2 protein chains.
Amino acid sequence: MAALDEIDRHILRELRRNGRISILDLADRVGLSPTPCGRRVKRLEDDGVIRGYAATLDNARLGLNISVFIMVRLSGHGPEGTRDFLSAVAARPEITECFLVAGNVDYMLRVWVGDLEELGDFVRDVLQSIPAVTETSTMVVLKEEPQPEVLPF
Amino acid sequence: MAALDEIDRHILRELRRNGRISILDLADRVGLSPTPCGRRVKRLEDDGVIRGYAATLDNARLGLNISVFIMVRLSGHGPEGTRDFLSAVAARPEITECFLVAGNVDYMLRVWVGDLEELGDFVRDVLQSIPAVTETSTMVVLKEEPQPEVLPF
DNA sequence: GTTGAAACTTATTAAAC
DNA sequence: GTTTAATAAGTTTCAAC
């Protein structure tokens, strides 16, 4: 896999911003003609740098007004406890992200709910009823500050 | 904005999975003919349920092997302190997400770096040199557990 | 909701430079 | 790398059911 040059990074930034831009418009923005621009996009896709394309949704318009980060600590149930925890997580659609982390806790979850009552129900009836879960700490997202750069470079 | 039915949700799930699927294929998957399927997609876009489309990248292939969550506590610098913090955050491309949260801390950041040395430099030279930042707590992501459902419903 | 057809845009490929 | 041309595919709009 060849190293990326500035034009490749420019292409990636544009495709992050608009995943459905036409090759003609993309070529125009990055200062190439359509043919090599299309070749570069295809190479980025084939190399796996671009994993795919996805619609970006407005969760609030779907009735999911509240998102939270929940830090979860597990203990005392060995490998099966972790396995059961991950099974329970995978079965819950309101959990959109699940990370194993190193730090003060074991897992970090991103969860979407309609209101605070649903959040309370989720924490009590779903999370804390998983045997291996010994401690949860919930951070309610009050605001997402938009980052101007859509790519970390 | 009319309420979404099951077909609309099916369309959203498919577009989350593949934001570049053709209307013909999408219609086939959701059990509609192309004309009404295209109308629904357009309505979801116009209503703002679909905010846009974006390429999904493999950050590791871009040399960003490490992602972390960093919880930040601010204090003692009033509104200007917060403003300066947010300006500093907005200027750093390695910070891809920034959330104001309610909980044990004030802000939650998602940060991407190439290696642990860069992480250390970032925490010390960038984050902790911001006057209002009084405390940071870093969680290194060891693994992202994929959630089978791509939508929280 | 369905089908079908025409007009338009875009993507892809090849051939030239 | 660029341009041009031809083919193929997808989108959009319209009419009719």
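Computed from a predicted model, the values in this text were never measured in an experiment. (Residues numbered from 1 in each chain as written. Chains lettered and ligands numbered in written order. Predicted model: local features only at pLDDT ≥ 70, side-chain atom pairs only at ≥ 80, totals over all residues. Heavy atoms only, no water.)

Undergrad: What am I meant to see in the protein's contact with DNA strand D here?
TA: Surveying the vicinity of DNA strand D reveals the residues Leu32, Ser33, Thr35, Pro36, Arg39 and Arg40 of chain A together with Ser22, Ile23 and Leu24 of chain B. Per the 4 Å cut-off to the protein, sugar and phosphate atoms form 76% of the nearby atoms of DNA strand D. A distance of 2.3 Å separates a phosphate oxygen of DNA strand D from a polar side-chain atom of arginine 40 of chain A. Measuring from a phosphate oxygen of DNA strand D, one finds a backbone N or O atom of isoleucine 23 of chain B at 2.9 Å. Those elements that provide at least two residues to the surface near DNA strand D are helix H3 (34-47) of chain A together with helix H2 (23-30) of chain B. In terms of residue count, H3 of chain A provides more of the surface near DNA strand D than any other element does, 4 residues in total. For the surface near DNA strand D, a count of residues per class yields 4 nonpolar, 3 polar and 2 charged. (Near = heavy atom within 4 Å. Polar contact = N/O pair within 3.5 Å; in protein donor to acceptor, adjacent residues only side chain to side chain. Helix = DSSP H or I, 4+ residues; strand = E, 2+ residues; numbered from the N terminus. Nonpolar A, V, L, I, M, F, W, Y, C, P; charged D, E, K, R; others polar.)

Undergrad: Would you mind going over the interface of chain B and chain A with me for this structure?
TA: Accessible area lost on assembly of the parts is the figure often given for the size of an interface. Taken together, the 65 residues of chain B in the interface contact 65 residues of chain A. A combined buried area of about 5,800 Å² lies between chain B and chain A, and 61% of that area is made up of carbon and sulfur atoms. For the chain B face of the interface with chain A, the top three residues by lost area are Arg20, Gln147 and Pro152 of chain B, together amounting to 12%. At the boundary of chain B and chain A, one finds 2 salt bridges. In this structure, the salt-bridge partner of glutamate 45 of chain B is arginine 20 of chain A, at a minimum N-O distance of 3.8 Å. Inspection of the chain B/chain A interface yields 34 residue pairs in polar contact (both at pLDDT 80 or more). (Contact = heavy atoms within 4.5 Å. Buried area = accessible area lost by both parts, 1.4 Å probe. Salt bridge = Lys/Arg side-chain N within 4 Å of Asp/Glu carboxyl O.)

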